[in-house]
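Now for the letters of each chain:
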Amino acid sequence: MPCLTGEGGALLEFDGITLRLGDFTLHADMRIAPERRVAVIGPSGAGKSTLLALVAGFLAPEAGRLLWQGVDITQEPPGARPVAMIFQEGNLFPHLSVYENVALGVNPALKLGAGEKARVMRALERVSLGGMEARKPAQLSGGQQSRAALARALVQDRPILALDEPFAALGPALKVEMLDLVREIADERRATVLMVSHDPQDARRFAEEVIVVAEGHAAPPRETAEIFADPPEALRDYLGG
Ligand code: ADP
Ligand code: MG
């Protein structure tokens, strides 16, 4: 894999992107500054998951380019992208142990050398799952399952974390705990984070910037405090009142 982190800032650019899914069209023309924590918010069906799938390489645009540090990655397959993704659900394989679920992030064939095994154990420690590596996902609480999914993203060691409503199933206290953990980890690793949420409070708590996706348009990121202080129409409609 090419070296995807480096000096000088790792800018993610959506250059005139048009992506079609049946009748639905997503447009994005914007830049995400290096090492930023960005919330992606907007109504259901607006295209938030589509935007993340585009970044992760699961969907291809019909026009435009996606650039990372100035390099066109539009044609790169998901495994070659600088992106680790966590989905809303289905992140863990129920028949595999916690260790194996995380190890998949290093090697899908689960053949790991000693150094790689140590990396998996370190990631589990980092998310406070040390000692639980032999358990199956069903033997974990919801919060612990989220931590296991996060550990798998960590071992991939990619500079962009794409999180598609990963903590939507957690209660408020656990969700706040996970958001804080992701923020700490993102800071440690100087990662760029794109996190979809339908909860504006998540954006306020977690994100430095907000992208509003509405009616198939992803608007350029704006500073969180500023956008909530003076919301554009699409955000006002979404927030209501
Ligand atoms: P969000 O995550 O904001 O709720 P999505 O990105 O999942 O929205 O979906 C955006 C739009 O694309 C929706 O209107 C959805 O119905 C449509 N869509 C999603 N997947 C497909 C598909 N495979 N074929 C056609 N339309 C799709
Ligand atoms: Mg979605």
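Peer 1: Teacher, can you tell me more about empty space enclosed by the protein here?
Peer 2: Rolled over the atoms, a probe with the dimensions of a water molecule shows which regions are left empty. In total, this model carries two cavities of 30 Å³ or more according to the counting rule given. Space inside the largest cavity adds up to approximately 50 Å³. For the largest cavity, the full set of lining residues is Ala84, Ala153, Leu154, Asp157, Arg158, Leu161, Ile185 and Arg189. Listed by contribution, the elements that provide at least two residues to the lining of the largest cavity are helix H4 (142-156) and helix H5 (172-189). In terms of residue class, the lining of the largest cavity is made up of five nonpolar, no polar and three charged. Counting the residues that make up the lining of the largest cavity, at least three belong to each of domain 1 (1-82 + 159-241) and domain 2 (94-157). Lining the second largest cavity are Met85, Asn91, Ala149, Arg152, Ala153 and Gln156. Residue contributions to the lining of the second largest cavity peak at four residues, all from H4. Broken down by class, the residue content of the lining of the second largest cavity amounts to three nonpolar, two polar and one charged.

Peer 1: Which parts of the structure should I look at to understand the domain arrangement of the protein?
Peer 2: Where interface size is quoted, it is often the accessible area lost as the parts come together. Domains assigned within the protein are domain 1 (1-82 + 159-241) and domain 2 (94-157). For domain 1 and domain 2, the distance between their C-alpha centres works out to 25 Å. Each partner contributes to the interface: domain 1 provides 14 residues, whereas domain 2 provides 10 residues. Buried surface at the junction of domain 1 and domain 2, both sides included, amounts to about 1000 Å², of which 62% is carbon and sulfur. Here domain 1 and domain 2 share four salt bridges between them. A salt bridge links Glu177 to Arg147, with the shortest nitrogen-to-oxygen separation between them at 2.5 Å. For the pair domain 1 and domain 2, the interface holds four residue pairs in polar contact (both at pLDDT 80 or more). Class assignment of the residues belonging to the side of domain 1 that touches domain 2 gives a composition of 10 nonpolar, no polar and four charged.

Peer 1: Is there a simple way to explain unusual backbone geometry in this structure?
Peer 2: Comment: phi is negative for the bulk of residues other than glycine, and the bulk of peptide bonds are trans. With a phi close to 55°, Arg190 is a non-glycine residue in the positive phi region. Tracing the backbone shows Arg190 in the loop between H5 and strand E8 (192-196). By relative accessible area, which is 55% here, Arg190 ends up exposed. In this model, Glu215 sits at a positive phi of 45°, which is unusual for a non-glycine residue. Counting through the fold element by element, Glu215 comes out in the loop between strand E9 (209-214) and strand E10 (217-218). Judged by its relative accessible area of 76%, Glu215 falls in the exposed class.

Calculation rules
- Residues numbered from 1 in each chain as written.
- Chains lettered and ligands numbered in written order.
- Predicted model: local features only at pLDDT ≥ 70, side-chain atom pairs only at ≥ 80, totals over all residues.
- Heavy atoms only, no water.
- 1 Å grid on protein atoms, 1.4 Å probe; cavity = no way out; pocket = protein on both sides within 12 Å on 5 of 7 lines; lining within 4 Å.
- Points joined across faces, edges and corners; volume = space filled by probe spheres on them.
- Helix = DSSP H or I, 4+ residues; strand = E, 2+ residues; numbered from the N terminus.
- Nonpolar A, V, L, I, M, F, W, Y, C, P; charged D, E, K, R; others polar.
- Domains from an automatic or database assignment.
- Contact = heavy atoms within 4.5 Å.
- Buried area = accessible area lost by both parts, 1.4 Å probe.
- Salt bridge = Lys/Arg side-chain N within 4 Å of Asp/Glu carboxyl O.
- Polar contact = N/O pair within 3.5 Å; in protein donor to acceptor, adjacent residues only side chain to side chain.
- Buried < 20%, exposed > 50% of the residue type's maximum accessible area, 1.4 Å probe, protein only.

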